[in-house]
Amino acid sequence: MSALDWFKRILGQPGEAAAPPPADASMELAGLNFMTAIEAHIKWKSRLESYIQGTSSEELKAEVICRDDQCPLGKWIYSTGGERFGTIDTFGDMKGHHALFHQCAGRIVETAQAGNKDEAMRLLQYGDYVRASEQVKRLLAKLYVRLNTST
């Protein structure tokens, strides 16, 4: 399976079987490994869940998490990515959902830190966080497919 097929599968487009792409498949474009960026944002759910449940050793700071320019994807968005692709609608949509994702994650941490763990878990499982997370994943895949097929 090629990297392009893997991203098309995320978008629900026809492609090869559901196997992951080979390790040597290039998922990097313009200085961003799109697969790594998607996986990092997927992992946030388990990180937040562990934090809420008190099983995490991480010291999460809501004032940092809520910023969309601190993670590798955010740094790319506000530098190379924005410079090269900022005029593409998909990029703008992804940037907006990425910002919302971080705002929601920050709110979840704030809620947990205020001692309202049930509400924090509800926000994680059913709130805007879920939709923003899915949109970031989908829009990154869409952007990768668009950039890869236009080059």
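For every chain, the first residue of the written sequence is number 1, and numbering continues from 1 along that sequence. Per-residue local features of the predicted model are confined to residues with pLDDT of at least 70, and side-chain atom pairs are confined, for both listing and counting, to 80 or more; whole-chain, interface and lining totals are unaffected and use all residues. The basis for every side-chain value is the complete set of non-hydrogen atoms in the structure, without hydrogens or water.

### A short note on the overall build of the protein chain
Numbering goes from the N terminus for both helices and strands, where a helix is a DSSP run of H or I of at least four residues and a strand is a run of E of at least two. Secondary structure assignment for the protein chain yields seven helices and two strands. The buried label goes to any residue with under 20% of its type's maximum accessible area, the exposed label to any with over 50%, and the partly exposed label to all in between, with areas taken from a 1.4 Å probe on protein chains only. The proportion of buried residues among the 151 residues of the protein chain is 41%. Long-range pairs, those at least 24 residues apart, make up 67% of the contacts in the protein chain between residues at least 6 apart in sequence. Taken as a whole, the protein chain presents about 8200 Å² of accessible surface, with 47% of it coming from carbon and sulfur. Pairs of residues are marked as contacts when any of their non-hydrogen atoms sit within 4.5 Å. Accessible surface area values rest on a Shrake-Rupley calculation with a 1.4 Å probe, where residue burial reflects the displayed protein chains alone.

### Quick look at helix α5 (residues 89-113)
The terminal C-alpha atoms of α5 lie 36 Å apart, and with 25 residues this matches the ideal 36 Å at 1.5 Å per residue to within 8%. Phi turns positive one or two residues past the end of α5, at glycine 115, with a value near 90°. Here the expected length of a helix is defined as 1.5 Å per residue gap, with one fewer gap than residues.

### A few points about the pattern of salt bridges
Whenever a carboxyl oxygen of Asp or Glu lies within 4 Å of a side-chain nitrogen of Lys or Arg, that contact is scored as a salt bridge. Summed over all chains, the structure comprises five salt bridges. Close ionic contact of arginine 47 with glutamate 58 constitutes a salt bridge, the shortest N to O distance being 2.4 Å. Here arginine 47 is found in helix α2 (residues 34-53), whereas its partner glutamate 58 is found in the loop between α2 and α3 (62-65), with eleven residues between them in sequence. Owing to a relative accessible area of 28%, arginine 47 belongs among the partly exposed residues under this scheme. A relative accessible area of 30% places glutamate 58 in the partly exposed class.

### Structural notes on the packing of helix α6 (residues 117-126) against helix α7 (residues 128-149)
Relative to each other, α6 and α7 sit at 35°, their axes nearing to 4 Å. Only Asp128, Tyr129, Val130 and Arg131 of α7 make contact with α6, whose side of the interface consists of Leu123, Leu124, Gln125 and Tyr126. When its residues are assigned to classes, the contact of α6 with α7 shows five nonpolar, one polar and two charged. Orientation is described by axes fitted as lines to C-alpha atoms, over the contacting stretch for helices, and by angles from 0 to 180 degrees between their N-to-C directions. All residues other than Ala, Val, Leu, Ile, Met, Phe, Trp, Tyr, Cys, Pro, Asp, Glu, Lys and Arg, Gly among them, are scored as polar; the first ten of these are nonpolar and the last four charged.

### Regarding α6
Taken residue by residue, α6 has Ala120, Met121, Leu123 and Leu124 as its buried positions. The arc that holds the buried residues of α6, viewed along the axis, is 160°, so those residues lie on one side. When the buried face of α6 is taken as reference, the exposed residues oriented beyond 90 degrees from it are Asp118 and Tyr126. Each element contacted by the buried residues of α6 is listed here: α2, α5 and α7. Each C-beta atom gives one direction from the helix axis, and the arc is the one those directions make.

### Concerning the packing of aromatic side chains
Note on aromatic pairs: the rings of Phe, Tyr and Trp (six-membered ring only in Trp) are paired at centre separations within 6.5 Å, and the planes decide the class, stacked below 30 degrees, edge-to-face beyond 60, tilted for the rest. The full count for this structure, using the stated rule, is five aromatic pairs. Seen from their ring centres, tryptophan 76 and phenylalanine 85 are 6.1 Å apart, and the 40° between their planes marks the pair as tilted. Site record: aromatic cluster; members linked through ring pairs are Phe34, Trp76, Phe85, Phe91 and Tyr144. One Lys or Arg, arginine 47, reaches over the ring of tryptophan 44 and ends 3.9 Å from the middle of that ring. Charge over a ring is defined by NZ of Lys or CZ of Arg lying within 6 Å of the ring centre and within 35 degrees of the ring normal.

### As for the nonpolar core
Counting 39 residues, the largest nonpolar core has Phe34, Leu48, Leu73, Trp76, Met94, Tyr129 and Leu140 as the members making the most contacts within it. Where this core is concerned, the elements lending two or more residues are α2, α3, α4 (72-85), α5, α6 and α7. Setting aside residues up to four positions removed in sequence, leucine 73 forms contacts with Leu32, Ala37, His41, Met94, His98, Val136 and Leu140. Definition of nonpolar core: a set of buried residues of the types Ala, Val, Leu, Ile, Met, Phe, Trp, Tyr and Cys, connected through side-chain atoms within 4.5 Å.

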